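Coordinate analysis (summary)
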Amino acid sequence: MKTTRWLQRAGLAAAGLFSLARVAPAGDAIPLGYRLTFPGSAPGWVRVEITAADLSAPQILVIPRAIPMAYGEAPYDRFVSGVKAFSADGKALTVRRDEGPRWRIEGAGSFDRVAYEVDLARMEKEILAAADASKTRPGYVGILGYSVFGYFEGSEDRPIRLEVRAPEDWPVFSTLAPAAPPSKRTVRASAADFYALADSQVAMGPGLSVLRVEARVPLFLASYAEVESDAVLTARLAREALEAMADYFGSTPFAHYTVYQEILKPIDGDHGYGFSMEHLDSSTVFLAAEDAIRPGAGAGDVQPARYNFAHHIAHAWIPKRCHGEGYYPFTWELAPVIDTIWFSEGFAQYAAIVALSQGRSDPAAYRAAMLQYRFRRPLQEAPEFIRRMSTAELSRVASTRYASDFRTGSNTFARGGLMAAEMDDRIRQETGGAKSLRDALRVLLAWSGRERRAFRLEELPELLQQGTGVDVRAVFDKWMAAPLSHEVSKPRQ
């Protein structure tokens, strides 16, 4: 999930897996065709066309409002216009706006395609969180899949063939099929289903830079920067983060990985920058100009960036491939209410802390400092009404306002992170250091791959015990209880 300002800049300066319990579509399923076109003649707009010749009218076109793992909503349907649908013989079909982010394609019989335009310039202007908006700048377009791609209700599990068209001589890049150097003008890619398409990104234009770095899997840094930044250093930090997380989890459940970064001059004082977001095989990082990694940056200056990369790469395992109920099937029209955000965010962040500590001269000191700064401090500063909530209740509240009221987000991941740390200590103590929480999480990931479902809240302690033989239910119960009264004494004034 989103984190701000490279840890707010004030902090520390010193398995054969599956995707979100999805079952692969049948091998003979006919792919849907998606075409995304940026003509250049209308700089703020893109056109989307979806072809499905084997479907018949009537159909419902849905444009997402909810964002996976953002724990909130964005009104993407507001920026869609000119929705038109056609039958197989080229005749126009009637399209009516429905309640919610829906368009009803009326009629009976043959259906061929639907097309519409998306106003990206208006989107960036009206959505104040930079991490939630696609953007157009002179010589550059950056597109978040879920902000422009719609789907036909009931066809979310169909495989997809994507074609992206850019102006002549423009490089174009898709995280579904990354390449360095990127293709010119046209790129084609495949997605297993709508979730994989919506969770991907597209970038294009002469302002785009793409580097490939050799790592456990091919690693790409796709970036657009409006100020000077050190792309080579940034790519090295991303590689270190990727390798650390692959070592921790013992797997690489993606064929390639992209860190997609925008470094932007703010368009006004109301827009928020310094956020990041996780995806199935990529991370998106949206920075204000002052947060760029500059040439010659020192070790202390890059530590927050390395942690930010590791934290969001960790989400490719948790919760993208191992999660509690509510994450999948995803409800694209309304943000789902989820009981286990503390696991998805806190355990993933704790895994990143432990993974990065292994490369330091004093791993224990690094861990202790991060636990204090990243986890204990939000709890110590929490208002009393949040302290009275159980962890599951707080997670439900954060499901729709994690970032918009970051007290809910930070306290949710802080509780999960400290639960993970205490479980890790318990496991290490009872096994004489032979086992750790890492072993428990590896077994949990393998279980998720076999069972192809979310774990239920009450199942988690037993599932973690299977990986180490250590019963951690007492730790689980302690951190799930309300009111929270431990680890949270107010700091002295």
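Details of the structure are given in the entry above.
Residues numbered from 1 in each chain as written. Predicted model: local features only at pLDDT ≥ 70, side-chain atom pairs only at ≥ 80, totals over all residues. Heavy atoms only, no water.

**A look at the overall build of the chain**
If you tally the helices and strands in the chain, you get 14 helices and 21 strands. For the chain, the C-alpha radius of gyration of 23 Å lies close to 23 Å, the compact-globule estimate for 493 residues. In terms of principal-axis extent, the alpha carbons of the chain reach across some 70 × 50 × 40 Å. In the chain, which comprises 493 residues, the share counted as buried stands at 59%. Only carbon and sulfur atoms are counted for the fraction: they give 48% of the accessible area of the chain, which is about 18,500 Å². Charge centroids of the chain, computed over 58 positive and 59 negative side chains, lie 2 Å from each other. (Helix = DSSP H or I, 4+ residues; strand = E, 2+ residues; numbered from the N terminus. Rg over C-alpha atoms; globule rule 2.2 N^0.38 Å. Buried < 20%, exposed > 50% of the residue type's maximum accessible area, 1.4 Å probe, protein only. Areas by Shrake-Rupley, 256 points an atom, 1.4 Å probe, with all protein chains shown as cover. Lys, Arg positive; Asp, Glu negative; His and termini not counted. Charge placed at Lys NZ, Arg CZ, Asp CG, Glu CD.)

**Regarding helix H13 (residues 460-468)**
Among the residues of H13, Leu-460, Pro-461, Leu-463, Leu-464, Gly-467 and Thr-468 are the ones counted as buried. Each buried residue of H13 sits inside an arc of 165 degrees when the element is viewed along its axis, so together they form one side. Where H13 is buried, its residues meet helix H7 (341-357), helix H11 (406-430), helix H12 (437-451) and helix H14 (473-480). In the stretch just after H13, Gly-469 is the one whose phi turns positive, near 80 degrees. (Arc of directions from axis to C-beta. Contact = heavy atoms within 4.5 Å.)

**Considering the sheet that holds strand E4 (residues 80-86)**
What the seven strands build is an open sheet, ordered E5-E4-E8-E2-E1-E12-E15; its pairing is mixed. Lying at the two open borders of the sheet, with one neighbouring strand each, are strand E5 (92-93) and strand E15 (186-191). Of the strand pairs in this sheet, strand E12 (residues 160-165) and E15 are connected by six bridges, and their pairing is antiparallel. When the bridges of E15 are listed, Glu-163 appears paired with Arg-188. (Pairing = 2+ DSSP bridges.)

**Here we look at the pattern of salt bridges**
Considering all chains together, one arrives at 35 salt bridges under this definition. Note that Arg-96 and Glu-106 form a salt bridge whose closest N and O atoms lie 2.9 Å from each other. Of the two residues, Arg-96 is situated in strand E6 (residues 95-97) and Glu-106 in strand E7 (residues 102-110); the sequence distance between them amounts to ten residues. In this structure Glu-106 comes out as partly exposed when scored by relative accessible area, which is 25%. A salt bridge links Arg-396 to Asp-339; the nearest nitrogen and oxygen atoms lie 2.6 Å apart. Remark: Asp-339 occurs in the loop between helix H6 (299-314) and H7 and Arg-396 occurs in helix H10 (residues 391-398); sequence separation between them is 57 residues. Since its relative accessible area comes to 38%, Arg-396 is described here as partly exposed. The structure contains a network of salt bridges with shared partners spanning Arg-35, Glu-49, Asp-112, Arg-113, Glu-163, Arg-165 and Arg-188. (Salt bridge = Lys/Arg side-chain N within 4 Å of Asp/Glu carboxyl O.)

**Section: the packing of helix H5 (residues 231-249) against H7**
Their axes nearest at 9 Å, the elements H5 and H7 cross at an angle of 105 degrees. Between H5 and H7, the angle is such that the two are roughly perpendicular. Contacts from Ala-244, Met-245, Tyr-248 and Phe-249 in H5 reach Ala-351, Ala-352, Val-354, Ala-355 and Leu-356 in H7. Looking at the contact of H5 with H7 residue by residue, the classes come out as nine nonpolar, no polar and no charged. (Axes fitted to C-alpha atoms, helices over the stretch in contact; angles between N-to-C directions. Parallel < 35°, antiparallel > 145°, perpendicular 65-115°, else oblique. Nonpolar A, V, L, I, M, F, W, Y, C, P; charged D, E, K, R; others polar.)

**Topic: the pairing of strand E21 (residues 282-288)**
Within E21, seven of the seven residues are buried, which leaves it mostly tucked inside the rest of the structure. Where burial is concerned, the two faces of E21 agree: the one with Ser-282, Thr-284, Phe-286 and Ala-288 and the one with Ser-283, Val-285 and Leu-287 are both buried. Summarising the sheet, strand E19 (residues 257-264) and E21 pair through seven bridges and their orientation is parallel. Note on E21: the bridge partner recorded for Leu-264 is Ala-288. As judged from the four bridges shared by strand E20 (residues 275-278) and E21, these two strands associate in the antiparallel manner. Along E21, the bridge assignment pairs Glu-278 with Ser-283.

**Some remarks on the environment of Ser-190**
Turning to its location among the elements, Ser-190 is positioned in strand E15. Of the residues examined, Ser-190 reaches a relative accessible area of 42% and is grouped as partly exposed. Polar side-chain contacts of Ser-190 include one of 3.5 Å to the side chain of Arg-161. (Polar contact = N/O pair within 3.5 Å; in protein donor to acceptor, adjacent residues only side chain to side chain.)

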